[in-house]
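Chain by chain, the residues:
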Amino acid sequence: MLSSRMLLMRPALYAPPSTQIRAISFARIALEPARKAAPPPPPPPAAKGKATTTATKAAPKAASTKTATKTTATTTTTKKAAAAPATKTRLTEKERAARDKEREREKVAKAKEREKERDKARKVKEREKEREKKEKVKAREEIKKEKEKAKIEAAKAIKKPYPPPPKGPSTAYLLFTTDQTVNRDRGEGVTDDAIMAGQAWKALSDSEREVYLKKAEQARAAWKEEVAKWVSSLNLAQLLAARSNREPGTRDDAAMSVLPRRPGNAYALFLADISSRQDFREKVDAIVAKEAPKDDREAVKKRISLYGRTAGDIWKSMSDKEKAVYTTKATQAKEQWDKKFGHLIAAQKEQITAAHP
């Protein structure tokens, strides 16, 4: 056996290495003894008598469990049926009253909560409205400021059709501050100098102040003479423009004699008429005396406001026939003023526009 195997392996000795390795592995497998697989274990012997007993025992157990479940189900249903009528028992009067009170308390609590929510929502709305009002007021104020600025700029841009009026006179205090001969402390800046000048002015005696007061009066008198000359040099159109710009001296007696004011409307004539009546003045004075103003200044303010209010109420209560008297007077006065000065002013305005295009 061994010799035959060796003979089989002989040609492999002269073969290349790969074939030699294969031959050796095959020879090793051939030399190993054959392995026998272990037989499976035999099945256990079945006992006929025991199987029948277990089957017979399992059957009564299942039946007993079924009967037990049925009995438990019946007992539970009977208990439920017995417990059901216990829940339908009627409440006593005290229990009903307590239940009603609890329900009322719950209703009241819910109503209070709703009221609180409504109050919160109302407050939020009020705050929003107030904020909107404030924003609107701010917007209106800004618009007013812009309009005023535009008016001022437009007035500055317009060339005045008359020569500039003389400058106003300086006061006694200004004459004192500009006097270089006065020995007083002077500050470095404008504010410091103004503070020191005010202290020095307060420290002056009456005789020292009279010097500057007399100088101020003389300067004012000279200024009035210059203004009168300036007004007399203006024509009617220039005087009308200067009066509308509130230039000095344009509303004096001399200027009014040259060019009187334009006549007012019917309500202005009514105000002039009723304010000249003694009974109307006495009524207004009595009302002011009842209110007991603190100062004369406050009394004057109240008197002026009462004049306007009472006169306005009387004007509203008047009939058309009564108002027609003042309307006719106003139209007649306007026609007369236009005849005297209207054509002259129009012609002079044309000359001014031609000279100042």
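The name that an unreviewed UniProt entry assigns to the protein is HMG box domain-containing protein, with the source organism given as Thanatephorus cucumeris.

Asks: Looking at this model, I keep getting lost on the layout of surface pockets. Mind explaining?
Replies: It is a probe the size of a water molecule, rolled over the atoms, that shows where empty space is left. If you add up the space inside the largest pocket, you get close to 180 Å³. If you trace the largest pocket, you find it lined by Trp223, Lys224, Val227, Ala228, Val231, Ser232, Gly249, Asp252, Ala254, Ala255 and Val258. Contributing elements (two or more residues each) for the lining of the largest pocket: helix H7 (206-232) and helix H9 (253-258). Among the elements that make up the lining of the largest pocket, the one with the highest residue count is H7 (6 residues). Residue classes in the lining of the largest pocket are distributed as 7 nonpolar, 2 polar and 2 charged.

Asks: I keep staring at the pattern of salt bridges and nothing clicks. Help me out?
Replies: Close approach of charged atoms allows side chains of opposite charge to pair. Inspection of the entire model under this criterion finds 2 salt bridges. For Arg122, the salt bridge identified is with Asp119, shortest N-O distance 3.2 Å. With Arg122 and Asp119 both in helix H4 (residues 93-157) and 3 residues apart, this pair spans about one turn of that helix. Here Arg122 falls in the partly exposed class, since its relative accessible area comes to 47%. Among the residues examined, Asp119 registers a relative accessible area of 32% and is labelled partly exposed.

Asks: I'm lost on the confidence of the model for the protein in this one. Help?
Replies: Any region with low pLDDT has predicted coordinates that should not be read closely. Residue-level pLDDT values for the protein average 76, and 73% of them are 70 or greater. Per-residue pLDDT stays below 50 along residues 77-86; that stretch engages in 0 contacts with residues further than four places along the chain or on separate chains.

Asks: Hey, could you run me through the packing of aromatic side chains in this one?
Replies: The relation between two aromatic rings is expressed through the spacing of the ring centres and the mutual angle of the planes. Taken as a whole and judged by the stated rule, the model has 11 aromatic pairs. Centre to centre, the rings of Phe176 and Tyr212 are 5.4 Å apart; their planes meet at 85°, and the pair counts as edge-to-face. Highlighted residues: Phe176 in helix H5 (residues 172-178) and Tyr212 in helix H7, separated in sequence by 36 residues. Measuring from centroid to centroid gives 5.5 Å for Phe270 and Tyr326, while their planes differ by 80°, and the two rings are edge-to-face. With Phe270 in helix H10 (residues 266-275) and Tyr326 in helix H13 (residues 320-355), the pair connects residues that are 56 residues apart, well separated along the chain. Exposure remark for Phe270: the relative accessible area of 3% places this residue in the buried category. Within the aromatic cluster, the residues linked to one another by ring pairs are Tyr173, Phe176, Trp201 and Tyr212.

Asks: What is the right way to look at the environment of Phe341 in this model?
Replies: Along the chain, Phe341 turns up in helix H13. The class for Phe341 is buried, based on a relative accessible area of 15%. For Phe341, the residues in contact, after removing those within four places along its chain, are Leu236, Val258, Leu259 and Pro260.

Asks: How do you make sense of the side chain of Thr250 when you look at a structure like this?
Replies: Its location among the elements puts Thr250 in the loop between helix H8 (236-244) and H9. We classify Thr250 as buried; its relative accessible area is 0%. From its side chain, Thr250 meets the backbone oxygen of Glu247 in a polar contact 2.8 Å long. The contacts of Thr250, once residues within four sequence positions are left out, are Trp230, Val231, Leu239, Ala242, Arg243, Ala255 and Met256.

Asks: Quick question: what am I supposed to make of the nonpolar core here?
Replies: In terms of nonpolar packing, the biggest core is built from 17 residues, with Leu259 and Ile345 touching the most fellow members. Among the elements of the structure, H7, H8 and H13 are those that each provide at least two residues to this core. Among the domains, domain 2 (164-259) and domain 3 (261-356) are the pair contributing at least three residues each to this core. Those residues within four positions of Leu259 in sequence are excluded, and the remaining contacts are Leu236, Leu239, Leu240, Arg243, Trp337, Phe341 and Ile345. Counting residues in each nonpolar core, the second largest holds 12 residues, with Phe270, Phe280, Val288 and Leu306 among its members.

Conventions used here
All residue numbers refer to positions counted from 1 along the written sequence of the respective chain. Only residues with pLDDT of at least 70 get local features here, since the model is predicted, and only at 80 or more are side-chain atom pairs given and counted; chain-wide, interface and lining totals rely on the full set of residues. In computing side-chain properties, one takes all heavy atoms of the structure into account and sets aside hydrogens as well as water. A cavity here means a set of 1 Å grid points, computed over protein atoms only, where a 1.4 Å probe fits but cannot escape. A pocket is an open set with protein on both sides within 12 Å along at least 5 of 7 lines, and lining residues have an atom within 4 Å of a point. Grid points are joined across faces, edges and corners, and a volume is the space filled by probe spheres set on the points. Counting from the N terminus, the helices are the DSSP runs of H or I reaching at least four residues and the strands are the DSSP runs of E reaching at least two. Three classes are used: nonpolar for Ala, Val, Leu, Ile, Met, Phe, Trp, Tyr, Cys and Pro, charged for Asp, Glu, Lys and Arg, and polar for all others, with Gly counted as polar. What makes a salt bridge here is a side-chain nitrogen of Lys or Arg within 4 Å of a carboxyl oxygen of Asp or Glu, nothing more. Each residue is placed in one exposure class: buried if its accessible area under a 1.4 Å probe, protein chains only, is under 20% of its type's maximum, exposed if it is over 50%, and partly exposed if it falls in between. Confidence scores labelled pLDDT are given residue by residue by the predictor and lie between 0 and 100. Only heavy atoms enter the contact rule, under which two residues are in contact if any of them lie within 4.5 Å. Note on aromatic pairs: the rings of Phe, Tyr and Trp (six-membered ring only in Trp) are paired at centre separations within 6.5 Å, and the planes decide the class, stacked below 30 degrees, edge-to-face beyond 60, tilted for the rest. For the purposes of these results, a polar contact is taken to be a pair of N or O atoms within 3.5 Å, where, inside protein, one atom must be able to donate a hydrogen and its partner to accept one; residues adjacent in sequence count only when each atom of the pair is a side-chain atom. Here, nonpolar core refers to any group of buried Ala, Val, Leu, Ile, Met, Phe, Trp, Tyr and Cys residues whose side-chain atoms link them within 4.5 Å. Each domain's limits were defined by an automated method or a database of domain assignments.

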